[in-house]
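Commentary on secondary and tertiary structure
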Amino acid sequence: METILKTEKLEKKYGDFAVLNGVDIHIEKGSIYGLIGKNGTGKTTLFRIICGLQEPTSGSYTIYGVNNKKDMSEVRKRMGAIIEKPSIYGDMTAKDNMIEQYKLAGIPNIEGIDELLKLVGLENTGKKKTKHFSLGMKQRLGIALSLAGNPDFLILDEPINGLDPQGIIEIRELILKLNKERRITILISSHYLDELSKIATHYGFLDRGTIVEEISSEELAKHMEHKIEMRVSDPKAFVMYFEKKGITYEVLNDKTINVYGKYNLSSLVGELAKKNLAIDEIHEVDESLENYYMNLIGGGKND
């Protein structure tokens, strides 16, 4: 599998403060890589470095295997990005904005503009000035602008921030379409973790300026299985029963056991009672991406 982006010990400091503190990420071709982190953890700074808008203090990164400044400008022509907010001229139409973007990118042929506007659902906006667009329409136009030059790697910084439910759905469907139909690799950050879980194929969890874990959506799903958490007095007796019955379990400590899988809670408690296995406390847990992330970084301890 081709690696589109790789960073090694990437660091960005302002004085003594490290915004990025040894970031290592790996993004494979064809993936949708969800970068997750609280405000101030360095997501936008990382994006700006990758796009050439800032220089790292130390460390290195490669895009399509290229890491020298001489060739990097050519490589970046294969990239598109929206960092923070898309740059849109409010007194222009969507098409005129696209024409300006093509000029800035040095693209002489503007024949592809109508196709891009149709792709993002803005083909019928006509002479309407973009200052009258909804936030969702502006975000979709921003994505169209980032697609000028037909990139195969797209960076999206909080693309659904502030959108209403319909706008979120529209952006989600557009991102999936770009990935599946146009084979565009996407690096995306979002605070809407439930929404991110619907599209991402890989995740990077960023905390205090460093990546604490990279994981695929398949691997993550195994950690986020439905489970039953029980507090017991004698874990060893439960383990013997679970082993005999082929029940998947995990002993967390000398009082707590997790049972994984879909079980009827009443039936399970009844079966355990028949074996004189006493439960002090029991409840079902459906793990979420947000819970997984907070547990990974230690909940609110890092605030």
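Structural data are supplied above this passage.
Since the structure is predicted, the reported quantities are computational estimates derived from the model, not experimental observations.

Basis of the calculations
Residues numbered from 1 in each chain as written. Predicted model: local features only at pLDDT ≥ 70, side-chain atom pairs only at ≥ 80, totals over all residues. Heavy atoms only, no water. Salt bridge = Lys/Arg side-chain N within 4 Å of Asp/Glu carboxyl O. Helix = DSSP H or I, 4+ residues; strand = E, 2+ residues; numbered from the N terminus. Buried < 20%, exposed > 50% of the residue type's maximum accessible area, 1.4 Å probe, protein only. Axes fitted to C-alpha atoms, helices over the stretch in contact; angles between N-to-C directions. Parallel < 35°, antiparallel > 145°, perpendicular 65-115°, else oblique. Left-handed = near helix turned anticlockwise from the far one by under 90°. Contact = heavy atoms within 4.5 Å. Nonpolar A, V, L, I, M, F, W, Y, C, P; charged D, E, K, R; others polar. Phe/Tyr/Trp six-rings, centres within 6.5 Å; stacked < 30°, edge-to-face > 60°. Lys NZ or Arg CZ within 6 Å of the ring centre and 35° of its normal.

**As for the pattern of salt bridges**
Counted under the stated rule, the structure contains 14 salt bridges. A salt bridge links D114 to K95; the shortest N-O distance between them is 3.2 Å. Residue D114 is located in helix α4 (residues 113–119), and its partner K95 is located in helix α3 (residues 94–104); the two are separated by 19 residues in the primary sequence. The class for K95 is partly exposed, based on a relative accessible area of 36%. As a salt-bridge pair, K274 and E271 come within 3.5 Å of each other at their nearest N and O atoms. Note that K274 and E271 are positioned in helix α10 (residues 265–274) at a spacing of three residues, about one turn of the helix. You can call K274 exposed: its relative accessible area is 63%. Several salt bridges share partner residues, and in doing so they unite R172, D194, E195 and K198 into one network.

**Focus on the packing of helix α5 (residues 135–146) against helix α6 (residues 165–181)**
Two numbers describe how α5 lies on α6: the axes approach to 10 Å, and their chain directions differ by 15°. When the interaxial angle is binned, α5 and α6 end up roughly parallel. Crossing geometry of α5 relative to α6 is assigned as right-handed. Across the interface between the two elements, Q139, R140 and I143 from α5 touch E170, I171, L174 and L178 from α6. In terms of residue class, the contact of α5 with α6 is built from four nonpolar, one polar and two charged.

**Some details on the packing of aromatic side chains**
The final tally for this structure, using the stated rule, is six aromatic pairs. Seen from their ring centres, F242 and Y249 are 5.8 Å apart, and the 35° between their planes marks the pair as tilted. Its relative accessible area of 25% is what places Y249 among the partly exposed residues. Each residue in the set Y203, F205, Y292 and Y293 is aromatic and connected to the rest through ring pairs, giving one cluster. Taking the ring centre of Y64 as reference, the NZ or CZ of R78 above it sits at 3.6 Å.

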